[in-house]
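Structure assessment
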Number of protein chains: 2
Amino acid sequence: MTPADTRERLLAAAERHFSQYGFAGASLRQVTADARANLAAVSYHFGSKEDLFVAVVERLMAPINRERLGLLDQAESRAGAAPLEVEALLEILIGPVLRARKGGGRTLRLFARSQIEDPALCKRIVEGPLKVIKPRIEAALARALPHLGRQELAYRLHFTMGAVKSVAGDQHALRAFSRGLCDPDDVEGTLRQLVAFLAAGMRAPGAAARRSPRRSAAKERSR
Amino acid sequence: MTPADTRERLLAAAERHFSQYGFAGASLRQVTADARANLAAVSYHFGSKEDLFVAVVERLMAPINRERLGLLDQAESRAGAAPLEVEALLEILIGPVLRARKGGGRTLRLFARSQIEDPALCKRIVEGPLKVIKPRIEAALARALPHLGRQELAYRLHFTMGAVKSVAGDQHALRAFSRGLCDPDDVEGTLRQLVAFLAAGMRAPGAAARRSPRRSAAKERSR
DNA sequence: GTCTATAAAGGGATAGAC
DNA sequence: GTCTATCCCTTTATAGAC
């Protein structure tokens, strides 16, 4: 126990408790007990419960987003001027999350919670860990899917993240809903299923094509 | 104020508070104050906070599931022996939820929360309001998508519900993530986007086809 | 940096009068 | 059915000793 790895132990324990019980449901007493630290250590190291939560999410997302950015840079430089494949982009978006510790369970649960819990908390997450990666992914997807309008792409990206989060909603929800057929611990299998499903959804014709197949894509793209 | 519409007012207030603050985050004191009822009324009418939560979810889901069952019966009797279209099935699955009060926001948020909060709570919901409707939808989808194995269908149905829940995750998440492009209050527009996206995902080739296009579908279906 | 002790507030549940 | 009053527990946060 080096000095002030108390901070690390607090983060690790908070990660467990917040992802399992949510922000309101987790108590600092339990967190500090689990971290073998003192209750007052939270105030000292982080300031408040909310600050601790944000620190946990940031610590969890930082390496994932670094990996995503690296893969994106790599793929784009390999592709040169050509747009990337949708499947490749989805892999880059989803793979690093799912492959994170425990199949990304805690990461995704925490992320899902940060969106559904207090809006203020949500805002801090969106403006923090997501600030840089989201526009990059969005731009790459727009190039890969020129048939989609901006609104349509936004919808589909949102649906995509919803589907991804669903695999970690409850630790046992996927297993229970599928009556044992699906194994959320099978990260690679789940990832293949997700990518196949979402890539097809992304490639679906846009609204313009659905309403009148002959309309030029230019108008739709500007929506 | 007829006698014991206190019960109704409690349910309505609890619906607001639970959907906004979650199970742990909502307090019975605030709920009862909002319902202009006495704190002790919760114990009298429902028993406990958890029982109140379950009652709220049941009250919210019952009419939705009734509508789904009605639409399913209708569609199936019209179709006779033929399987239903995927789009029609998705409309039946999703339409009634989204069209519920406030674009289904509270319903979906509460449903999402029941899955992510305490697993015990989740279990009570899954075994209650979902008991009858889920197998029906699943069976109809299996007929509509004979190219999918049981595992694959289970995955995709799970992803589907994740995408649906995502439109209500945070009241403003969709709007914020899309920087105003998507309007979650535009129920019919959101529904069209969801159905188009999800139907394409559902129709995507199965794993058997992806691995070896010539393999018969029979083996895959039995997975 | 870490601790104890405590402040100050809020939680769910319930007994018992009406 | 509804109310008051209260029990008993837990919460976050902080002051101040070490």
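Above this text sits the structure in question.
Here the structure is a predicted model, which means the values were calculated and not measured.

1. A short note on the interface of chain A and chain B
Tallying the contact residues gives 49 residues for chain A and 49 residues for chain B. With both chains or domains summed, chain A and chain B bury close to 4600 Å², and 65% of this area falls on carbon and sulfur atoms. At the boundary of chain A and chain B, one finds two salt bridges. In this structure, R179 of chain B and E138 of chain A form a salt bridge, with 3.8 Å as the shortest nitrogen-oxygen distance. There are ten residue pairs in polar contact (both at pLDDT 80 or more) connecting chain A and chain B. Breaking the side of chain A that touches chain B down by element, the ones donating at least two residues are α1 (6-25), α6 (105-116), α7 (119-127), α8 (133-144), α9 (150-166), α10 (173-177) and α11 (187-203) of chain A. In terms of residue count, α9 of chain A provides more of the side of chain A that touches chain B than any other element does, twelve residues in total. Among the residues making up the side of chain A that touches chain B, the classes are represented as 23 nonpolar, twelve polar and 14 charged.

2. Notes on the packing of aromatic side chains
Here the structure, examined in full by the defined rule, presents ten aromatic pairs over all chains. Taking 5.8 Å as the distance between ring centres and 20 degrees as the angle between the ring planes, the aromatic pair formed by F18 of chain B and F23 of chain B counts as stacked. For the pair formed by F18 of chain B and F23 of chain B, the shared burial category is buried. Here Y155 of chain B and F159 of chain B contribute two aromatic rings whose centre-to-centre distance is 5.8 Å and whose plane-to-plane angle is 35 degrees, an arrangement assigned as tilted. In this pair, Y155 of chain B and F159 of chain B are both assigned in helix α9 (residues 150-166), four residues apart and thus about one turn of the helix distant. A residue is classified by how much of its surface remains accessible, and Y155 of chain B, at 1% relative accessible area, is buried. Looking at F159 of chain B, the relative accessible area reads 0%, which means it is buried. Among the aromatic residues, those joined into a cluster by ring pairs are F18, F23 and F53 of chain A. The cationic tip of K49 of chain A hangs over the ring face of F23 of chain A; the distance from NZ or CZ to the ring centre is 4.8 Å.

3. A look at the relation of the copies chain A and chain B
When chain A is fitted to chain B, the best match, at an RMSD of 0.0 Å, comes from turning it 180 degrees and sliding it 0.0 Å along the axis. As the rotation angle and translation indicate, the two copies are arranged about a two-fold axis. When the interface residues of chain A are mapped onto chain B, 100% of them again lie at the interface, so the same face is used by both copies.

4. Observations concerning the protein's contact with DNA strand D
Close contacts around DNA strand D come from 16 residues, with S27 and R29 of chain A together with T6, N38 and H45 of chain B the closest. Put simply, 49% of the atoms of DNA strand D that lie within 4 Å of the protein are in sugar or phosphate. In the environment of DNA strand D, a base oxygen lies 3.2 Å from a nitrogen or oxygen atom belonging to the side chain of R29 of chain A. Interatomic distance of 3.2 Å between a side-chain N/O atom of N38 of chain B and a phosphate oxygen of DNA strand D. Elements supplying a minimum of two residues to the surface near DNA strand D: α2 (28-34) and α3 (40-45) of chain A together with α3 (40-45) of chain B. With three residues, the single largest contributor to the surface near DNA strand D is α3 of chain B. Counted by class, the surface near DNA strand D contains seven nonpolar, six polar and three charged residues.

5. Some remarks on α7 of chain A
Residue and element names in this part refer to chain A. Listed in full, the buried residues belonging to α7 are L121, C122 and I125. Looking straight down α7, one finds that the buried residues subtend no more than 100 degrees of arc, so they occupy a single side. In this structure, the buried residues of α7 make contact with α1, α4 (49-79) and α6.

6. Quick notes on the packing of helix α5 (residues 86-99) of chain B against helix α8 (residues 133-144) of chain B
All names here are of chain B. Viewed as axis vectors pointing N to C, α5 and α8 meet at an angle of 165 degrees, and their least axial separation amounts to 10 Å. With respect to their mutual orientation, α5 and α8 come out roughly antiparallel. Where α5 crosses over α8, the handedness of that crossing is left-handed. Here V86, L89 and L93 of α5 lie close against α8, whose contacting residues are I137, A140, L141 and A144. Considered class by class, the residues forming the contact of α5 with α8 number seven nonpolar, no polar and no charged.

7. Here's the deal with the packing of α6 of chain A against α9 of chain A
Residues and elements named next belong to chain A. One can describe the packing of α6 onto α9 by two numbers: an axis separation of 9 Å at closest approach and a directional angle of 125 degrees. The pairing of α6 with α9 is recorded here as oblique in orientation. Relative to α9, the crossing made by α6 is left-handed. Contacts between α6 and α9 pair L108, F111, A112 and Q115 from the former with M161, V164 and K165 from the latter. Residue composition of the contact of α6 with α9, grouped by class: five nonpolar, one polar and one charged.

Reading guide: rules and limits
Residues numbered from 1 in each chain as written. Chains lettered and ligands numbered in written order. Predicted model: local features only at pLDDT ≥ 70, side-chain atom pairs only at ≥ 80, totals over all residues. Heavy atoms only, no water. Contact = heavy atoms within 4.5 Å. Buried area = accessible area lost by both parts, 1.4 Å probe. Salt bridge = Lys/Arg side-chain N within 4 Å of Asp/Glu carboxyl O. Polar contact = N/O pair within 3.5 Å; in protein donor to acceptor, adjacent residues only side chain to side chain. Helix = DSSP H or I, 4+ residues; strand = E, 2+ residues; numbered from the N terminus. Nonpolar A, V, L, I, M, F, W, Y, C, P; charged D, E, K, R; others polar. Phe/Tyr/Trp six-rings, centres within 6.5 Å; stacked < 30°, edge-to-face > 60°. Buried < 20%, exposed > 50% of the residue type's maximum accessible area, 1.4 Å probe, protein only. Lys NZ or Arg CZ within 6 Å of the ring centre and 35° of its normal. Least-squares fit on C-alpha atoms with pLDDT ≥ 70 in both. Near = heavy atom within 4 Å. Arc of directions from axis to C-beta. Axes fitted to C-alpha atoms, helices over the stretch in contact; angles between N-to-C directions. Parallel < 35°, antiparallel > 145°, perpendicular 65-115°, else oblique. Left-handed = near helix turned anticlockwise from the far one by under 90°.

In short, geometric facts, not functional conclusions.
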